[in-house]
Amino acid sequence: MRRKASRPDLNGSWRDNTLLRPNPPQGGVISPLLANIALHGLEEKINDFAKRIDYRDNKGNQLGWQRKVKSLNFIRYADDFVVLHENKSAVQGCRKIISEWLLGIGLELKPEKTRLTHTLNPELSEDGKAGFDFLGYHIQQYQSGKHKSARNTHGEIQGFNTLITPSVGKCNEHQQDLKRIILKHRSSPQTALIKDLNPVIGGWTRYYTNSDAKTVGELSRQDQLTYLKLRRWAKRRCGNINEGHKKYFITIGGNNWVFATKEELANPLRLLRHNGDLVYWSTRKGKHPELPNRMAYLLKRQKGKCPWCKHHFQEWDVMEVDHKKPKALGGRDEMENLQLLHRHCHDEKTKKDMEVIRKQDTSRFFDKVNKTLDKYEWRWINDILMTWGYKANKGSEVPQ
């Protein structure tokens, strides 16, 4: 069951209380703090109720109060909270307890955001819809076969999988935000549009990175909807879509439809995709499922910077592992001798390394030649320098 507290009327206790008299706007920075103060003690009330619920095991034996409290989950963020339990009667009892407790401080449950729902079977929900939304996420369970089913802590097949995805409302809001930015930049340069879109796309994607958004194809869907908006933007400026593609879209790697600038093609200003910023998460955590462990570790150690050009890596950059001291000069293939560079930076470093290697190879060649020549006795004969046999070794005579 998902619920949200709200003020019953303008004469409620929130306005009568000296601390809350300013009546801050919804979504203000002080609003979550005031909500936590007002709802302090609600969780303890729920736990006290959980100790008295009728909850039995498979054999019909009444469970102890510790297991009863553990079986009921109460999750709260500011004035938004969720109560989870496998028994409907327990959740209904919580609804009554919460309503009575809120009434005592002049608050009430918000009807349009309060639902009694089942996470798996829609027919068991009040409105016939399974799952619930919480903090921008949609949590729902889906039937699955035994080979793809989730398992509990005892390794037993549950017969369903739980998916946590972006809520429909938040997905639509995100596209509306992108639409407003694109309309605002109808006459702006491509660079200005990309710089305004990237923070919005990056922030939204990072918030949902640890969800199942990629599994259900939501990230790809967001990319497709964004592309259609940019396609219309390019067509409006160029008159036809073919010219728009040629002017505003380039090919990077295997992607032929990248919305990016054509200046400085080695490292263009490119629109972020919704598929997740692997550079960001590798820098934060030192690992990423789409990046080799060694590269992810080097990204974190270098704090996301290329040591050659001193610029931060971007999601679309091509990165290569480099030996600080080349193996040809005696460098070892170990982590302390490795660094991560942009491909073009790696090419520049390799060019300089090769100059040093060639000089060293040349020096070694002449040293080898000199050592070979030093083995012979040389004499001038008719103004021509000629060998006169091997040099004496340990007192031996020179061959004649």
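Because the structure is predicted, anything quoted here is derived from the model rather than measured. (Residues numbered from 1 in each chain as written. Predicted model: local features only at pLDDT ≥ 70, side-chain atom pairs only at ≥ 80, totals over all residues. Heavy atoms only, no water.)

The residue Ser125 is located in the loop between strand E4 (108-109) and strand E5 (132-134) in this model. Taking relative accessible area as the criterion, Ser125 reaches 9% and is therefore assigned buried. Within the local environment of Ser125, its side chain forms a polar contact with the backbone oxygen of Lys129, the two atoms lying 3.0 Å apart. In contact with Ser125, other than residues within four places in its own chain, are Leu116, Thr117, His118 and Ala130. (Helix = DSSP H or I, 4+ residues; strand = E, 2+ residues; numbered from the N terminus. Buried < 20%, exposed > 50% of the residue type's maximum accessible area, 1.4 Å probe, protein only. Polar contact = N/O pair within 3.5 Å; in protein donor to acceptor, adjacent residues only side chain to side chain. Contact = heavy atoms within 4.5 Å.)

Core analysis: the biggest nonpolar cluster contains 21 residues, and Phe74, Ile98 and Leu102 have the highest contact counts within it. With 6 residues, helix H5 (residues 88-103) is the single largest residue contributor to this core. By size, the runner-up hydrophobic cluster in this structure holds 15 residues, among which are Ile182, Phe259, Leu271 and Leu272. (Core = buried A, V, L, I, M, F, W, Y, C linked by side-chain atoms within 4.5 Å.)

Here the focus is the sheet that holds E5. Taking strand neighbours across the sheet as the criterion, the 3 strands line up as E5-E6-E7 in an open arrangement whose pairing is antiparallel. Edge strands, defined here as strands with exactly one partner in the open sheet, are E5 and strand E7 (160-166). Neighbour-to-neighbour, the strand axes of this sheet turn through a mean angle of 30°, independent of strand direction. Where E5 and strand E6 (residues 137-143) come together, 3 bridges link them in antiparallel fashion. Within E6, the position partnered with Phe132 by the bridge is Ile139. (Pairing = 2+ DSSP bridges. Axes fitted to C-alpha atoms, helices over the stretch in contact; angles between N-to-C directions.)

Looking now at the layout of surface pockets. The calculated volume of the largest pocket comes to roughly 1,000 Å³. Lining of the largest pocket is provided by 29 residues; of these, Leu84, His85, Glu86, Thr119 and Gln141 occupy positions nearest its centre. Elements with a minimum of two residues in the lining of the largest pocket: strand E2 (73-77), strand E3 (80-84), H5, E5, E6 and E7. Of all the elements, E3 adds the most residues to the lining of the largest pocket, at 3 residues. Residue classes in the lining of the largest pocket are distributed as 13 nonpolar, 13 polar and 3 charged. (1 Å grid on protein atoms, 1.4 Å probe; cavity = no way out; pocket = protein on both sides within 12 Å on 5 of 7 lines; lining within 4 Å. Points joined across faces, edges and corners; volume = space filled by probe spheres on them. Nonpolar A, V, L, I, M, F, W, Y, C, P; charged D, E, K, R; others polar.)

Time to look at the environment of Val318. Take Val318: it is sitting in the loop between helix H11 (293-301) and strand E10 (319-323). Linking Val318 and Leu341, residues 23 residues apart in sequence, is a C-alpha distance of 8.6 Å. Non-local contacts of Val318, meaning those with residues more than four positions away in its chain, are made with Leu341, His342 and Arg343.

With that out of the way, let us pick up the pattern of salt bridges. Applying the stated criterion across every chain, the model contains 12 salt bridges. Measuring nitrogen to oxygen at the nearest pair gives 3.3 Å for the salt bridge that ties Glu126 to Arg95. With Glu126 in the loop between E4 and E5 and Arg95 in helix H5, the pair connects residues that are 31 residues apart, well separated along the chain. The partner of Glu218 in a salt bridge is Arg221, with the nearest N and O atoms 2.8 Å apart. Of this pair, Glu218 and Arg221 both sit in helix H8 (residues 218-238), 3 residues apart, which is roughly one turn of the helix. Judged by relative accessible area, Arg221 falls into the partly exposed class, the value being 37%. By sharing partners, the salt bridges in this structure join Asp322, Lys349 and Asp353 into a single network. (Salt bridge = Lys/Arg side-chain N within 4 Å of Asp/Glu carboxyl O.)

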